[in-house]
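# Observations on chain architecture
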Amino acid sequence: MKKEKVILIGAGLCGLYTAFLLQKKGIEVLVLEANTRIGGRIKTLTGTTGVTMEMGATWFGNQHRHILEVLYTLELPYFRQHTQGVSLFETMSFVPPQKFEIADSEEPSFRIVGGTATLIEKLASEIGMQNIKTGSKITTIKEENNQLIVMDTAGNSYSTDKVISTIPPNLLVNSVVFEPNLPETFLQLAKKTHTWMGESIKFAVEYKTPFWKQKNYSGTLFSQASIIQEMYDHSTADNSGFALKGFLNGGTSVLSREERKEKVIAQLATFFGPEATDYVAYYENVWREEPLTFQPYEQLVLAHQNNGHSSYKNPLQKGKLYVSGAETATQNPGYMDGAIFAAKTLASQF
Ligand SMILES: Cc1cc2nc3c(=O)[nH]c(=O)nc-3n(C[C@H](O)[C@H](O)[C@H](O)COP(=O)(O)OP(=O)(O)OC[C@H]3O[C@@H](n4cnc5c(N)ncnc54)[C@H](O)[C@@H]3O)c2cc1C
């Protein structure tokens, strides 16, 4: 069994940024990731036209100073979300949507040039892929001889002084076996900690041209009546690739992909004209079907419930196990900014 200094579980933003900070302190790390890809809830797809589309985290604002600071340090440029032109607000299916314009003076949202995955790729290259192991799904964490033994589904075992989990708390306590078991109060808290966006459905439609902009539509849409609930223009920073992207009504997870796609294209054609049917490709991600993000709750859990709870500050298993991740952050929990803040908070304790 190989002895590792610090084991981080999960190669999402929090796991990778924690690893980056610990390495800067001269601490050896190994990041174990269950998936074959890294990034977790950051998932950028590239279409055949070259447009990048976010199936997970996308936006941040001036209030998110931790992520802004990281982008500055890593020299990753970002740009303002396009909102110019006519935006639509649909309240009822049987009346046309209301039209409105978003003033330039509104507080802007930003996106990372090249896609959010650029941040993940940059962190991974700084940490070194030799220190990140994918396809390593942790199933058991055992305390033995004042060490923690971490075991994965591939049959690997690692002995270490410290483990930092960045798995969303509800998923952690429902998918990893602890010996000895974690305290009951912690288990109850984790089971009632909301995983931000775990129930959401993201979609994107890739186009050859930004026909909506040519008709003076911004691409922004809010609807309380149709399958698309919220949508924005998703053109690239240099305006070389075009897409519309947003969130579908969560209840449509019971429909098939084909049914959702048909409804999305029909809604876009109603609002923006027949050009909407001339798309390159339709993409979607039903996050409640991602077992490495979402686990159904035992009871009703509200959005952001117990996010940033003070108990997440306390290490478990005699000070050897830390539970981190975006949901544990005391600032902007659930968001990328929270994932960065949680990483900074934890790394400062080492
Ligand atoms: C659809 C969607 C839209 C979002 N939009 C935004 C946005 O616009 N702005 C924003 O700021 N935030 C947004 N977020 C939230 C943002 O994605 C998260 O805050 C952030 O990515 C969380 O990072 P994390 O590292 O804490 O967790 P995760 O990204 O969830 O990382 C956890 C990692 O652990 C791995 N893992 C799970 N189980 C195991 C196991 N047993 N063993 C090993 N590895 C395991 C997972 O595969 C994953 O890689 C969005 C999220 C979603 C899903």
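Everything below is about the structure printed above this text.
An account of the accompanying structure is given in this report. In this text, all values refer to a predicted model and were calculated from it rather than measured experimentally. (Residues numbered from 1 in each chain as written. Predicted model: local features only at pLDDT ≥ 70, side-chain atom pairs only at ≥ 80, totals over all residues. Heavy atoms only, no water.)

### Quick look at the environment of Met92
- Among the secondary structure elements, Met92 is positioned in the loop between strand E7 (86-90) and strand E8 (98-101).
- With 133 residues separating them along the chain, Met92 and Ala225 place their C-alpha atoms 5.2 Å apart. (Helix = DSSP H or I, 4+ residues; strand = E, 2+ residues; numbered from the N terminus.)

### What about the pairing of strand E17 (residues 228-233)?
- Note that strand E16 (residues 217-223) and E17 share 2 bridges and pair antiparallel. Each bridged residue has a counterpart across the sheet, and for Phe222 the counterpart in E17 is Glu230.
- With antiparallel pairing between neighbouring strands as the criterion, E16 and E17 make up a hairpin whose turn holds 4 residues.
- Both E17 and strand E18 (residues 242-248) contribute to a ladder of 5 bridges, which runs antiparallel. Residue pairing across strands places Met231 opposite Gly246, the latter belonging to E18. (Pairing = 2+ DSSP bridges.)

### Overview of the environment of Gln267
- Relative to the assigned elements, Gln267 resides in helix H7 (residues 257-272).
- Take Gln267: its relative accessible area is 6%, and that puts it in the buried class.
- Ignoring sequence-local partners within four residues, the contact set of Gln267 consists of Glu90, Leu221, Ser223, Ser226, Ile227 and Ile228. (Buried < 20%, exposed > 50% of the residue type's maximum accessible area, 1.4 Å probe, protein only. Contact = heavy atoms within 4.5 Å.)

### Quick word on the nonpolar core
- Leu13, Leu119 and Leu123 are the most contacted members of the largest nonpolar core, which has 43 residues in total.
- For this core, the secondary-structure elements that each account for two or more residues are strand E1 (2-9), helix H1 (13-24), strand E2 (29-32), helix H2 (65-73), strand E9 (109-112), helix H3 (117-127) and helix H8 (336-347).
- Composition of this core by domain shows at least three residues from each of domain 1 (1-42 + 116-194 + 290-350) and domain 2 (44-115 + 199-289).
- With 25 residues, the next largest nonpolar core counts Leu30, Ile138, Val173 and Phe178 among its residues. (Core = buried A, V, L, I, M, F, W, Y, C linked by side-chain atoms within 4.5 Å. Domains from an automatic or database assignment.)

### A short note on the sheet that holds strand E6 (residues 78-80)
- Spatially, E5-E9-E6 is the arrangement adopted by the 3 strands of the open sheet, whose pairing is antiparallel. Each of the sheet's edge strands pairs with one partner strand only, and the pair in question is strand E5 (60-61) and E6.
- As judged from the 2 bridges shared by E5 and E9, these two strands associate in the antiparallel manner. Across the sheet, Phe60 pairs through a bridge with Phe110, a residue of E9.

### Overview of unusual backbone geometry
- Cis peptide bonds are those with omega within 30 degrees of zero, and the linkage from Glu179 to Pro180 qualifies with -5°.
- Within the secondary structure, Pro180 is located in the loop between strand E14 (177-179) and helix H5 (184-191).
- A positive phi angle is found at Glu75, which is not glycine, with a value near 55°.
- With respect to the secondary-structure elements, Glu75 resides in the loop between H2 and E6.
- If you check the backbone angles, Asn216 has positive phi at about 65° while not being a glycine.
- Summarising the element assignment, Asn216 is placed in the loop between helix H6 (211-214) and E16.

### Some thoughts on the sheet that holds E16
- Strand order in this open sheet of 7 strands is E8-E7-E16-E17-E18-E15-E19, and the pairing throughout is mixed. Strands with a single pairing partner mark the edges of an open sheet, and in this sheet they are E8 and strand E19 (281-286). Mean inter-strand twist for the sheet, computed between neighbouring axes without regard to direction, equals 20°.
- Contacting E7, strand E15 (201-207), E16, E17, E18 and E19, H7 runs over the sheet at an angle of about 120° to E19. (Axes fitted to C-alpha atoms, helices over the stretch in contact; angles between N-to-C directions.)

### Some words on the pattern of salt bridges
- As enumerated under the stated definition, the model contains 9 salt bridges in all.
- Two residues, Arg41 and Glu327, come together in a salt bridge whose shortest N-O distance is 2.9 Å. Pair noted here: Arg41 is in the loop between E2 and strand E3 (44-46) and Glu327 is in the loop between strand E20 (321-323) and H8, with a separation of 286 residues, a long-range link.
- Among the residues examined, Arg41 registers a relative accessible area of 22% and is labelled partly exposed.
- A salt bridge links Lys318 to Glu143, with the shortest nitrogen-to-oxygen separation between them at 3.5 Å. Of this pair, Lys318 sits in the loop between E19 and E20 while Glu143 sits in strand E11 (residues 138-144); the two residues are 175 residues apart in sequence, bridging distant segments of the chain.
- By sharing partners, the salt bridges in this structure join Glu143, Lys318 and Lys320 into a single network. (Salt bridge = Lys/Arg side-chain N within 4 Å of Asp/Glu carboxyl O.)

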